[in-house]
Every structure is written in C-alpha cells, then in structure tokens.
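Per-entry structural report
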Amino acid sequence: MLIFAYLAAFIPALLMAVTQPVWSVIDEAQHFDFIVQLGHGVYPTGDETLIRADTLQVMRSTGVFRGFYLPGTYPSPDLTDIGPPPPSMSARANAAWMLRHMWQLSHESVQTPAYYLSMVPVWWAADKFGGPWAAIYALRLVNALILAALAPMAIVVARALAPARPDIVVVAAVFAILLPGLDLNGTRVSNDALAAAIGGLIVLLAVRWAKDGWTWRRAVLMGAILGLGLMVKLTLGGLIPALLLSALWRASSRGTNLVRVTGSGAIALGCLTPWFLLNLQKYGGVMPGAHSGRLSDALPGPLTPAFIPLDIAVFHLTYWTGEPWGALPLAGVMVVLGGLIALMALAGVVSLLRSRALPVPDGPLAVAAAALAGLIALSLLLPATVGFEFSGPGRYAYPALPAAATLCAIGVVAVLPNAFARRTLVAAYAVLAVAMLAGGAAGLPPRPDAGARTPPALARTLAVSASGQFGGVTITVDRVAVDPDAKAMWFAVSVTNSGPDEAEWTVPPAVSEGEMAAAGQYLKSTQMPGDIDPGQTLQGWLYVPLDPAALRAGGTLQLRFRDVAADGYRTVGDIVIAIPVDAQLSV
C-alpha cells in the first residue's frame, strides 16, 4: 500500500510540475537563481547580488518579474536599468524600491542553503543538456519525486494512531495524495518540497516514538534529521514542541528523555553552525538580520483587529488551494469543503478525547496534534516578526501533512459514523481535487481579459482640469470617462518629468471619494512604463473599478499616486489629485 500511495501521489505532483506556468509568481525565479549562483561558485548576498543571466533570460521570455504579481498587472521593467538598491534609503523609499526592483536580486539566498546546494548537480546536468528551461523542469521533477513521499508517511502515521481502523488509514491516504495546494506550491523550484518531506519524517518518528519511547540512538538520529531540516528551511522549528511532547510523554522516563531531547536540540543547532559562520562573514551576525529585513516591499505596521481574521483566512485558503489564491479552478469550492473537513477534524479529536469512541493511543495523538498546531501557530505568528507586512501562508504547515491528513481522517470517521455519508464526503473531496488539478493543467482559470485598455464607445467622457506635482513629476488629469454599465471610471492622464534624473511612479492610482475606495488596475489601463526619463511625457487612460453611480455630488474624487520616486530614491512621496464631483460626474 505504501508503494501504491507513493505512485498515486506522484501523478498529481508531476502534473503540476510539468504544467504550471514558469515562473510561479511565488518567487520561483529567485529560488532557481540561488541554485544557479551556487553552481557558478558564487554564494550570493541577498540584498546585493544581482540575478544571473540564466534567470533573467527566462524572466524576459515569460514576462514574470515581480513575486506575487501576475504578468501584465504591473509595468514591464526597464531591463537596461538593473543594479543593486541605492544606499541609505529611508524605510519608505526602500519598500518602494523593493516593490519595483526586488526581482533583480538573488534574495532567496538569505535562507538556509541545504536544498539549493543539493540541487546544484541536478541543475548542472540539466542545464548542460538543454539550458535553463530544461534545468527548471528537472528541478521541478525532483521536487515532485520528493513530495510524493508524504503520502506513505501519512499512512504510517495513520496506522500508528488508529491501528484497528483501516478506514481511517484509507481516508488519510486520500487527503495526503490529493491536496491541490501542496501539488501546486510544492513542485515549483523552491525548498518547500524537501522541507515538507523532512518535516513529515520528523512527525512520523515523533508519533511512533511517543509510544515506543526515546533512546540515545533515536535522540541522536532525531537531532541530525532536525538539523538537516533546519538547514533546508528554518520554519521546521515549529515542530520542536511536538518533539518535546514525544520525548516527555512517558512518565517513567521523563527525566532521562529530557536530557535526550536536549541533546537532539544541541545536535540540530550544531548542524546550523556552518550557516551561522557564513552569516558572520557575509552579514556581520549569525542571522541575515537587517539585510533580510530590507527585502520587503511593505512598511511594518501595528497589529490591527482586522489582521487576525485575515491572517487565518489566508492560511486556510492557501493550505487547501495554494498560492497565489485562485491559481487553480474551483478554489472557492475547495475552501468551503476544506473548512468543513478541518472543523470535522477539530470536533472529531475533541469528541474522541471525551468518549474514547475510537481506539487511538493518547501519546501519538497528542504529538500529531502538537506537530500540526506548532506549524499553524508559526505560520500565523511569523508576520509579527516583520511588522505584519504579510499574512501567513498555508504551505508552512505542509511538513505536518502526515499528521494533518490523519487528524482529518479521524475527524471524518468520528463525525460521520454512517459509512455511506463518509464515503460520499471523501469521494466528493477526491473528485473536486482531481478536477482542480486537471483544470489547472488545462490552463484554467483563464487569465483576466485586458480589454481594449481605452474607454468603451458608450462611456460618457467629461472634461476636467486637475493636477498634482512631486519631485519634478507632474500628473495632470484632463478627462474622465464614466461607464455605469461596467461600474468603472477611466482617467486620462499626462505625466511629465521636468527633473534632471529619471523618476519612477506607481501607474494605477488609488481612488477614493468619501468612504468609497478602489485601486486602479494596470492590466486594463494604457500600458505606460513605471519609469520616466528627464523631459519625457507619458499619456494614457487609467482604469479604476469605481462605480460612478455611487459618487456624491458635491464630494471630492481623490486620486493618489503612491511612492513617486525622484533623485535616485532620495525623495519619495505621493501625488494627490483632487477632482470635484459635480452632477455630471456622479451620473
């Protein structure tokens, strides 16, 4: 059954490895570049080293430059203007520069390097055979082979937690074999697949040893595996509470096992020593520190009440369907079904602890739950370490998939004692997952239609006169087109740089009127460049999905062009243009 599970899991992983677009916008280019840099004998500095020509060649052909942004949704960069970030920028200027230019840097090199070093021979052989494209697909294939190992691990964990219930084992296998988000994100070129496999092995051993007990030999082995895992991805540190619980579960040997698990930690820390020494040489500290913090396209901010549900929602959405959200078809349906299964897992485990309806050993169950909870907590809390600049992604929990799949299976069996209802739910999940993966392989959902990028003939165009200026850049709006049928507006802008140096601007504005707000969409706007040479003037229409029927006569329509940068990013500020709303404009 283990071999069958591996082969069954390899098929959807291979499908996503071969068919998902290059590049994945989840920083696949920079992960690939780290491998290429090492293959050329260079250990890159995350916030200084520029990407190599191999990586840039594929970027140019795919049109994918920015991470997390689909091609066509932002200005194409000027490939003649590639260089390291300007020195001594303010925090705001740094964020603006990184948003527009971070793609130029080999920035994934701030991560621990074990995965990238191990993939250098694969890259070298494939690149010699067929160039960068062959290397990308070879690396994806290796990740698919690694990722498939999680399915048999889930079966072993399920057998440990429910040895007398083969139905739980089968359901756990289904949840581990078919997880669209895992197959989408785990098969791109990145360290996620190897981290997930090593994390899955750690979970498997911790679950089994909670019942069988720890020995010194096992403690040494766990320390080495954990150390290797941390050298692949530091987020595996979220499994440490599960290891402590596994070692200390048996009351008769808690004192000795505490020493043993401490020894495991020391070995794991020792495995990180070469990386710490490298960081001392490159960054002046045992961690990349400020250099890593500089690699952000957002400013840190305070924790707000709205962030907590957003953080949880993003984790849930991306765990089941992957990143970016909506990359696979039927993602919304999977989120609903996945949420139902997750609630069943929680309710089932609580019910199990109360009633003992299923013969599940306490220690392994507690360790499995701790492994999953530890990685979920790490993902949700990690944004706090960087000022809540991003939301925690679900892929950080994939190393606990053997535990997650088993706990979901236990929940389904406990909540749905009727065999027909249980089989119907699991079958619906499997059919939906297959449909998502097959649809994604077929190119669904289609990319949004850019349209004509000019106002339609039925739109009503009004003459206005408004402008704003910053750092030698002047933006003038002389016409507004209202399209009530599409609930959208268009703004004709003229942008002039009268300064002595190149300036950069955010092409689509943020538009507000009273409490209403909307972000302009570059995809449907005139494709103006984001940089303006001295003396240059740009003209075009900017599309904003703001319903003109909702405007209030007598109000003020405010267009904010954020982070206009002049004087080599020494001067950064917003250009705000106010347009009075009259009866004609408000429709």
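Residues numbered from 1 in each chain as written. Predicted model: local features only at pLDDT ≥ 70, side-chain atom pairs only at ≥ 80, totals over all residues. Heavy atoms only, no water.

1. Considering the overall build of the protein chain
- Helices and strands together make up the secondary structure of the protein chain, namely 19 helices and 10 strands.
- Each of the three principal axes of the protein chain carries a C-alpha extent, and together these read 80 × 55 × 45 Å.
- Looking at the protein chain residue by residue over its 587 residues, the buried ones come to 54%.
- Of the contacts formed within the protein chain by residues at least 6 apart in sequence, a portion of 75% connects residues at least 24 apart.
- For the protein chain, the exposed area adds up to about 23800 Å²; of that, 65% sits on carbon and sulfur atoms.
- Within the protein chain, one finds 35 positive and 35 negative side-chain charges whose respective centroids are separated by 15 Å. (Helix = DSSP H or I, 4+ residues; strand = E, 2+ residues; numbered from the N terminus. Buried < 20%, exposed > 50% of the residue type's maximum accessible area, 1.4 Å probe, protein only. Contact = heavy atoms within 4.5 Å. Areas by Shrake-Rupley, 256 points an atom, 1.4 Å probe, with all protein chains shown as cover. Lys, Arg positive; Asp, Glu negative; His and termini not counted. Charge placed at Lys NZ, Arg CZ, Asp CG, Glu CD.)

2. Here we look at the sheet that holds strand 3 (residues 488–497)
- Overall, antiparallel pairing links the four strands, which are arranged 1-2-3-8 in an open sheet. Only two strands of the sheet have a single partner each, and these edge strands are strand 1 (460–470) and strand 8 (537–544). The mean inter-strand angle of the sheet, taken between neighbouring strand axes irrespective of direction, is 20 degrees.
- Sheet topology places strand 2 (residues 473–483) next to strand 3; 10 bridges connect them, and they run antiparallel. Note on strand 3: the bridge partner recorded for I475 is V495. (Pairing = 2+ DSSP bridges. Axes fitted to C-alpha atoms, helices over the stretch in contact; angles between N-to-C directions.)

3. Topic: helix 9 (residues 192–212)
- Taking 1.5 Å as the rise per residue, helix 9 with 21 residues should run 30 Å; its terminal C-alpha atoms sit 30 Å apart, in good agreement.
- Of all the 21 residues making up helix 9, 17 are buried; the element is thus mostly covered by neighbouring parts of the structure.
- The positive-phi residue at the C-terminal boundary of helix 9 is G213, with phi of around 95 degrees. (Expected span 1.5 Å × (residues − 1).)

4. Examining the pattern of salt bridges
- Inspection of the entire model under this criterion finds 14 salt bridges.
- Here D167 and R422 are joined by a salt bridge, their closest N and O atoms 3.7 Å apart. Of the two residues, D167 is situated in helix 7 (residues 166–177) and R422 in helix 19 (residues 419–441); the sequence distance between them amounts to 255 residues.
- By relative accessible area, R422 is classed as buried at 12%.
- The network of salt bridges with shared partners includes R188, D192, K233, E323 and R395. (Salt bridge = Lys/Arg side-chain N within 4 Å of Asp/Glu carboxyl O.)

5. What about helix 11 (residues 240–248)?
- Here helix 11 has its buried residues at A242, L243, S246 and A247. Looking straight down helix 11, one finds that the buried residues subtend no more than 130 degrees of arc, so they occupy a single side.
- Lining the buried residues of helix 11 we find helix 9, helix 10 (216–232), helix 12 (254–271) and helix 17 (362–381). (Arc of directions from axis to C-beta.)

6. Focus on a nonpolar patch on the surface
- On the surface, L234, L277, L280, V286 and M287 cluster together into a nonpolar patch covering about 420 Å² of accessible area.
- Turning to its location among the elements, L277 is positioned in helix 13 (residues 273–283).
- The exposure class assigned to L277 is exposed, which follows from its relative accessible area of 53%. (Patch = residues over 30% accessible without salt bridge, like charges linked within 9 Å, V, L, I, M, F, W, Y side chains within 5 Å.)

7. Some thoughts on the packing of aromatic side chains
- With the rule as written, the count across this model stands at 16 aromatic pairs.
- Where W23 meets F32, the ring centres are 5.4 Å apart and the plane angle is 50 degrees; that geometry is what we call tilted. Across this residue pair, the class does not change: W23 and F32 are buried.
- Ring geometry for F65 and W103: centres 5.0 Å apart, planes at 70 degrees, overall edge-to-face. Linking F65 in the loop between helix 3 (53–62) and helix 4 (91–101) with W103 in the loop between helix 4 and helix 5 (114–147), this pair joins segments that are 38 residues apart in sequence.
- An aromatic cluster is defined as three or more aromatic residues linked by ring pairs; in this entry it consists of F175, F315, Y319, W320, Y398 and Y429.
- Across the ring face of Y69, the terminal group of R66 is positioned such that the distance to the ring centre comes to 5.6 Å. (Phe/Tyr/Trp six-rings, centres within 6.5 Å; stacked < 30°, edge-to-face > 60°. Lys NZ or Arg CZ within 6 Å of the ring centre and 35° of its normal.)

8. Regarding the pairing of strand 1
- The pairing of strand 1 with strand 2 spans nine bridges and is classified as antiparallel. Within the sheet, the bridge partner assigned to A463 lies in strand 2 and is R479.
- The hairpin formed by strand 1 and strand 2 contains two residues between the paired strands, and G471 there has a positive phi angle of roughly 55 degrees.

9. Quick notes on the nonpolar core
- Of all hydrophobic cores here, the largest spans 137 residues; its most connected members are W23, F32, I35, L161 and Y429.
- Ranked by residue count, the leading element in this core is helix 5, at 15 residues.
- Dropping the residues within four chain positions of it, F32 is found in contact with W23, T55, W123, P132, A135, I136, L139 and V189.
- Counting residues in each nonpolar core, the second largest holds 31 residues, with M489, V493, L538 and L542 among its members. (Core = buried A, V, L, I, M, F, W, Y, C linked by side-chain atoms within 4.5 Å.)

10. Description of the environment of P44
- With respect to the helices, strands and loops of the structure, P44 is situated in the loop between helix 2 (28–39) and helix 3.
- With a relative accessible area of 0%, P44 lands in the buried category.
- As a C-alpha pair, P44 and L538 span 494 residues in sequence and 37 Å in three-dimensional space.
- Residue contacts for P44: discarding those within four places in its chain leaves F34, Q37, T49, S106, S109, K282 and Y283.

11. Describing the packing of helix 17 against helix 18 (residues 401–415)
- One way to put it is that helix 17 packs onto helix 18 with a least axis distance of 9 Å and a crossing angle of 120 degrees. Considering their axes alone, helix 17 and helix 18 lie oblique with respect to each other. Of the two possible hands of crossing, helix 17 and helix 18 adopt the one that is left-handed. Here helix 17 contributes L365, A368, A369 and L372 to the contact with helix 18, which in turn contributes A403, A404, L407 and I410.
- Classifying every residue of the contact of helix 17 with helix 18 gives eight nonpolar, no polar and no charged. (Parallel < 35°, antiparallel > 145°, perpendicular 65-115°, else oblique. Left-handed = near helix turned anticlockwise from the far one by under 90°. Nonpolar A, V, L, I, M, F, W, Y, C, P; charged D, E, K, R; others polar.)

12. So, the packing of helix 15 (residues 307–321) against helix 17
- Between helix 15 and helix 17, the shortest axis-to-axis distance is 10 Å and the interhelical angle comes to 125 degrees. Taken together, the axis directions place helix 15 and helix 17 in an arrangement best described as oblique. Note that helix 15 runs across helix 17; the crossing there is right-handed. Contact residues: helix 15 offers D311, I312 and F315, while helix 17 offers I376, S379 and L380.
- A class-by-class count of the residues in the contact of helix 15 with helix 17 yields four nonpolar, one polar and one charged.

13. Overview of unusual backbone geometry
- With an omega of -5 degrees, the peptide bond running from E323 to P324 counts as cis.
- Positionally, P324 belongs in the loop between helix 15 and helix 16 (331–355).
- Residue P445 is reached from L444 by a cis peptide bond, and omega for that bond is -10 degrees.
- Structurally, P445 can be placed in the loop between helix 19 and strand 1.

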